[in-house]
Amino acid sequence: MTNQPVECPHCERDLAQRFLIFAPAHLKQCRGCGLVYTSPRAESEQISRFFASHYILNAARLERELGSYRAESLRREAALLQRLKPSGRILDIGCAGGAFLDHLPAGVWEKHGVEPSSLAGEEASRRGVRVYRGLLSEAQIPRGVEFDAITCLDTLCLSMTPQADLQRMRELLRPDGVLLIDLPGYHYRLVRNLGPICWLINRRWTNFDHRSPHLFIFSAASLGKMLARAGMRIEQILPESAPARGSAALRALNRAWFSLGSALNRLSRGHLSVAPKVIYVCRRAN
Ligand SMILES: [Zn+2]
């Protein structure tokens, strides 16, 4: 695999500098906008092929890791969406086997999804989702089709072109539509995977691996800048829990951490976020 240095997708320039102490060399931070991303990385075609055929290798991963392990979060996210927008046409970007869309009532939602994996796409189709194959940049969504809701759950950090993707989402979103973006919590991800706490848990200083499909680590600030350039804004930031995998003790610890993170978030009126994952409720800026 040949690795190439990449530009910041927001600034469209290579302003990369080494990220924090303990961070591996492939993790960079843009001096222009603060975005953290991997550079150098594999070429686009290789990454595209990976998501089409290797990311979701079998039905077990589809069912467990992208379905049942995330069920609690998916249910909460579906309930949140129902409060914001009770019905309409929805597009789930990286819909996998349709696990999230399954939590929405079929009668009131017209369900569409974008999915690069054929294994996952076929499963979503069986569940009544209209699936557009490929990455968002490749998906053949008919001209004129707009959405009341777009969801991008755990997928924006995997995209090679997040700025262009957000611009495409803005085009596809109706003026009163809502966009939900679910991403790993910035502080949680750094503390868990870098430095002394990572060493205590894993006996190594970093868990960030240059082979990981996670290409971006978004903070609220760097995501906000990208959204603003795409003509959107963050309306609300909510804590979310980690997938329920691992031992019973680990799952209990994760639940406790999520409860603590939620309480801190409420007490600080949204300023303090240590949750494993974060949901950004976004709207068109105009
Ligand atoms: Zn930048």
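Residues numbered from 1 in each chain as written. Predicted model: local features only at pLDDT ≥ 70, side-chain atom pairs only at ≥ 80, totals over all residues. Heavy atoms only, no water.

Draft legend 1. Spatial organisation of the side chain of S117. Inspection of the secondary structure assignment puts S117 in the loop between β7 (109-115) and α4 (118-126). Those residues in contact with S117 that sit more than four places away from it in its chain are F51, A52, I56 and R133. (Helix = DSSP H or I, 4+ residues; strand = E, 2+ residues; numbered from the N terminus. Contact = heavy atoms within 4.5 Å.)

Draft legend 2. The arrangement of empty space enclosed by the protein in detail. Going through the model one piece at a time under the given rule, you end up with one cavity of 30 Å³ or more. Of the pockets and cavities examined, the largest cavity occupies roughly 100 Å³. Along its surface, the largest cavity is lined by Y69, R70, E72, S73, S241, A242, P243, A244, R251, N254 and R255. Of all the elements in the fold, those that place two or more residues in the lining of the largest cavity are α3 (71-84) and α9 (248-267). (1 Å grid on protein atoms, 1.4 Å probe; cavity = no way out; pocket = protein on both sides within 12 Å on 5 of 7 lines; lining within 4 Å. Points joined across faces, edges and corners; volume = space filled by probe spheres on them.)

Draft legend 3. Layout of the sheet that holds strand β3 (residues 27-30). Across the sheet, which stays open at both edges, the four strands sit in the order β2-β3-β4-β11 with antiparallel pairing between neighbours. A strand with exactly one partner marks an edge of an open sheet, and here the two such strands are β2 (16-18) and β11 (216-217). As paired elements, β3 and strand β4 (residues 36-38) share three bridges and run antiparallel to each other. Among the inter-strand pairings, L27 is bridged to a residue of β4, identified as T38. (Pairing = 2+ DSSP bridges.)

Draft legend 4. Main features of the coordination of the zinc ion. Taken together, the protein donors to the zinc ion comprise C8 (SG), C11 (SG), C30 (SG) and C33 (SG), at separations of 2.3 Å. Of note is the zinc ion, whose four donor atoms meet at the metal with angles of 101 to 116° in an arrangement that counts as tetrahedral. Look at where the donors of the zinc ion fall in the sequence and you get C-x2-C-x18-C-x2-C. On the criterion of sequence distance, the pair formed by C8 in the loop between β1 (3-4) and β2 and C33 in the loop between β3 and β4 is long-range, its members being 25 residues apart. By relative accessible area, C8 is classed as buried at 1%. On the basis of relative accessible area, C33 is assigned to the buried category, the value being 7%. (Donors = N, O, S within 2.8 Å, 3.2 Å for Na, K, Ca; no water. Tetrahedral: all angles 85-135°; square planar, octahedral: opposite > 155°, others 65-115°. Buried < 20%, exposed > 50% of the residue type's maximum accessible area, 1.4 Å probe, protein only.)

Draft legend 5. Geometry of the nonpolar core. With 44 residues, the main nonpolar core has I141, L166, M169, L179 and I181 as its most contacted residues. Residue assignment for this core shows that the elements contributing at least two residues are α1 (44-53), β6 (88-93), β9 (147-153), α5 (162-172), β10 (173-184), α8 (220-229) and β13 (277-284). A78, I90, F100 and A124 belong to the second-largest nonpolar core, a separate cluster that totals 19 residues. (Core = buried A, V, L, I, M, F, W, Y, C linked by side-chain atoms within 4.5 Å.)

Draft legend 6. Structural context of the sheet that holds β6. Taken together, the seven strands give an open sheet; going across it, the order is β8-β7-β6-β9-β10-β13-β12, and neighbouring strands pair in mixed fashion. Bordering the open sheet on either side are β8 (130-133) and β12 (232-240), each of which pairs with just one other strand. Strand-to-strand twist across the sheet, computed as the mean angle between neighbouring axes with direction ignored, equals 20°. Note that β7 and β8 share four bridges and pair parallel. What sits directly across from H112, in β8, is R130. (Axes fitted to C-alpha atoms, helices over the stretch in contact; angles between N-to-C directions.)

Draft legend 7. Spatial organisation of the pattern of salt bridges. One pass over the full model with this rule turns up 15 salt bridges. For R76, the salt bridge is made with E72, and the minimal N-O distance between the two is 3.3 Å. A residue pair is termed a helical-turn pair when its members lie 3 or 4 positions apart in one helix, as R76 and E72 do in helix α3 at four residues. On the accessibility criterion, R76 (30% relative accessible area) is partly exposed. On the basis of relative accessibility, which here comes to 36%, the residue E72 falls in the partly exposed class. Among the ionic pairs, D102 bridges to R127, the shortest N-O distance being 2.9 Å. Linking D102 in the loop between β6 and β7 with R127 in the loop between α4 and β8, this pair joins segments that are 25 residues apart in sequence. In this structure R127 comes out as partly exposed when scored by relative accessible area, which is 30%. One salt-bridge network, in which partners are shared between bridges, spans E63, D102, E123, R126 and R127. (Salt bridge = Lys/Arg side-chain N within 4 Å of Asp/Glu carboxyl O.)

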